[in-house]
Amino acid sequence: MTNGPTTTLDGQQIVSKALGKIGDIATLPEVTLRIIKVVEDPKSTARDLHAIIKYDPPLSAKILKVVNSAFYGLPGQIASVDRAIVLLGLRAVKNIAIATSVTRLFKGVRPVPGFDPKELWRHCMAVGVVCRLIFQKKDKSRMEEAFLAGLIHDLGIIVAFQAFADRFGDLMDRVSKEGMSWCQAETDIFGVDHQTLGMGLATKWKFPMALRAAVGYHHNPDRVSEDNRLIAYAVHLADMIACVDKKGFSMTVRDEEAVLTPQLMEIVGLSDADVTNLRADLDDALATAEGSLGGN
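Residues numbered from 1 in each chain as written. Predicted model: local features only at pLDDT ≥ 70, side-chain atom pairs only at ≥ 80, totals over all residues. Heavy atoms only, no water.

Asker: Is there a simple way to explain the overall build of the chain in this structure?
Answerer: Each helix and strand in the chain was counted, giving 16 helices and zero strands. For 296 residues, the compact-globule estimate of 2.2 N^0.38 gives 19 Å, and the C-alpha radius of gyration of the chain, at 18 Å, lies within 12% of that figure. The principal-axis extents of the C-alpha atoms in the chain amount to approximately 55 × 45 × 35 Å. Going through the 296 residues of the chain one by one, you find that 54% of them count as buried. In the chain, of all internal contacts separated by at least 6 residues, the share reaching a separation of at least 24 is 67%. On the chain, roughly 13,100 Å² of surface is accessible, and the fraction owed to carbon and sulfur atoms is 49%. (Helix = DSSP H or I, 4+ residues; strand = E, 2+ residues; numbered from the N terminus. Rg over C-alpha atoms; globule rule 2.2 N^0.38 Å. Buried < 20%, exposed > 50% of the residue type's maximum accessible area, 1.4 Å probe, protein only. Contact = heavy atoms within 4.5 Å. Areas by Shrake-Rupley, 256 points an atom, 1.4 Å probe, with all protein chains shown as cover.)

Spelled out as structure tokens, the structure:
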């Protein structure tokens, strides 16, 4: 993967200070970190994963709720976490654990005029859902990874909202009143954009590289190495769809920026008709996802 929008030491210092300001919010639960480590180890088994999850009753309950929801459409009720792990696979369960942890970032944050974290959460859910629909057609084995990438792509906005609270109103004004692009306004005001902030957090959390790429480059996926490019481009497309269709917070992509280029369509492997169908399916799929993972 090539360097992102901010590569200077100053940029790295800004990210470090921002993450330091938000304290506990920037700390992923220990159990989630352990789950990521286990799943990323090719020698791990379902038993290894269950040995961690069984000591966290709230997470166990959440996994069972999600597994038994319409989102996964599994036959019959799954009553045990070990059975859920076997049916879904280690990576899907890891993604549920991460998604559950990430929801904390959007909770207990008071809205300001023009910005409500609940609406940002809905936008992130919509992007995740579109990514999942894309991979349902493109590569079903990576559907859950794609959903999670979409779900966490705008983590950096929450970091900015918390770390730069005194300047966030200026950001909103630049975008809404002056028509500046969201990323450019962030860079002008904070010194970095939400992609850089989000990638800093995803790196701190030791997320897999594909997820870091989606968080750090979803507005410029052409900068991502070929290994991780597909998910980054899928998030890029899903972000545009969610913003244009006004699914939750939608200021990060202006209508004139939402261009479905031939390169984008070729990489994600979709036709114009496919995109039309995705948009038609989005409301129902989003409602199902919200019922599964819960709102903010």
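Asker: Mind showing me how you'd approach the pattern of salt bridges here?
Answerer: Think of it this way: side chains of opposite charge can pair up when their charged atoms draw near. Applying the stated criterion across every chain, the model contains 13 salt bridges. Shared partners join several salt bridges into a network, and the residues in it are Glu 40, Arg 91 and Lys 94. (Salt bridge = Lys/Arg side-chain N within 4 Å of Asp/Glu carboxyl O.)

Asker: What should I look at first to understand the environment of Ile 267 in this one?
Answerer: Take Ile 267: it is sitting in helix 15 (residues 262–268). Since its relative accessible area comes to 22%, Ile 267 is described here as partly exposed. In sequence terms Ile 267 and Ala 234 are 33 residues apart; their C-alpha atoms lie 8.6 Å from each other.

Asker: What is the right way to read unusual backbone geometry from this model?
Answerer: The bulk of non-glycine residues show a negative phi, and the bulk of peptide bonds are trans. A positive phi angle, close to 60 degrees, is found at Lys 206, a residue other than glycine. Note that Lys 206 resides in the loop between helix 12 (194–204) and helix 13 (209–217). A relative accessible area of 59% places Lys 206 in the exposed class. In this structure, Lys 246 takes a positive phi of about 55 degrees despite not being glycine. Here Lys 246 shows up in the loop between helix 14 (226–244) and helix 15. Classification of Lys 246 as partly exposed rests on a relative accessible area of 49%.

Asker: Explanation requested: helix 6 (residues 90–102) in the structure shown.
Answerer: Along an α-helix, residues three or four apart share an orientation, since each turn contains 3.6 residues. For helix 6, which comprises 13 residues, the first-to-last C-alpha distance of 18 Å matches the rise-based estimate of 18 Å (1.5 Å per residue) to within 8%. Taken across its 13 residues, helix 6 has 12 buried, putting it largely inside the fold. Among the residues of helix 6, those classed as buried are Leu 90, Ala 92, Val 93, Lys 94, Asn 95, Ile 96, Ala 97, Ile 98, Ala 99, Thr 100, Ser 101 and Val 102. (Expected span 1.5 Å × (residues − 1).)

Asker: I tried to follow the nonpolar core on my own but got confused; where do I start?
Answerer: Where a protein is soluble and globular, its nonpolar side chains tend to be buried together. In this structure, Ile 35, Phe 106, Phe 168, Trp 182 and Phe 207 are the most contacted members of the largest nonpolar core, which totals 107 residues. Counting residues per element, this core draws most heavily on helix 7 (residues 117–138), at 12 residues. With five residues, the next largest nonpolar core counts Met 199, Ala 213, Val 224 and Ala 232 among its residues. (Core = buried A, V, L, I, M, F, W, Y, C linked by side-chain atoms within 4.5 Å.)

Asker: Is there a simple way to explain the side chain of Glu 186 in this structure?
Answerer: Within the element layout of this structure, Glu 186 appears in helix 11 (residues 182–190). Although Glu 186 is buried, it makes no salt bridge; Arg 174 carries the closest opposite charge, 11 Å away. There is a polar contact of 2.8 Å between the side chain of Glu 186 and the side chain of His 194. Aside from chain neighbours lying at most four places away, what touches Glu 186 is Ile 157, Leu 171, Gly 191, Val 192, Asp 193 and His 194. (Lys, Arg positive; Asp, Glu negative; His and termini not counted. Polar contact = N/O pair within 3.5 Å; in protein donor to acceptor, adjacent residues only side chain to side chain.)

Asker: I keep staring at the packing of helix 9 (residues 155–163) against helix 12 and nothing clicks. Help me out?
Answerer: The description of two packed helices rests on the angle between their axes and on the distance between the axes. Here helix 9 crosses helix 12 at 100 degrees, and the two axes come no closer than 7 Å. One element, helix 9, and the other, helix 12, form an angle in the roughly perpendicular class. Of helix 12, the residues touching helix 9 (which contributes Leu 155, Gly 156, Ile 157, Val 159 and Ala 160) are His 194, Leu 197, Gly 198 and Leu 201. Of the residues belonging to the contact of helix 9 with helix 12, the class tally is six nonpolar, three polar and no charged. (Axes fitted to C-alpha atoms, helices over the stretch in contact; angles between N-to-C directions. Parallel < 35°, antiparallel > 145°, perpendicular 65-115°, else oblique. Nonpolar A, V, L, I, M, F, W, Y, C, P; charged D, E, K, R; others polar.)

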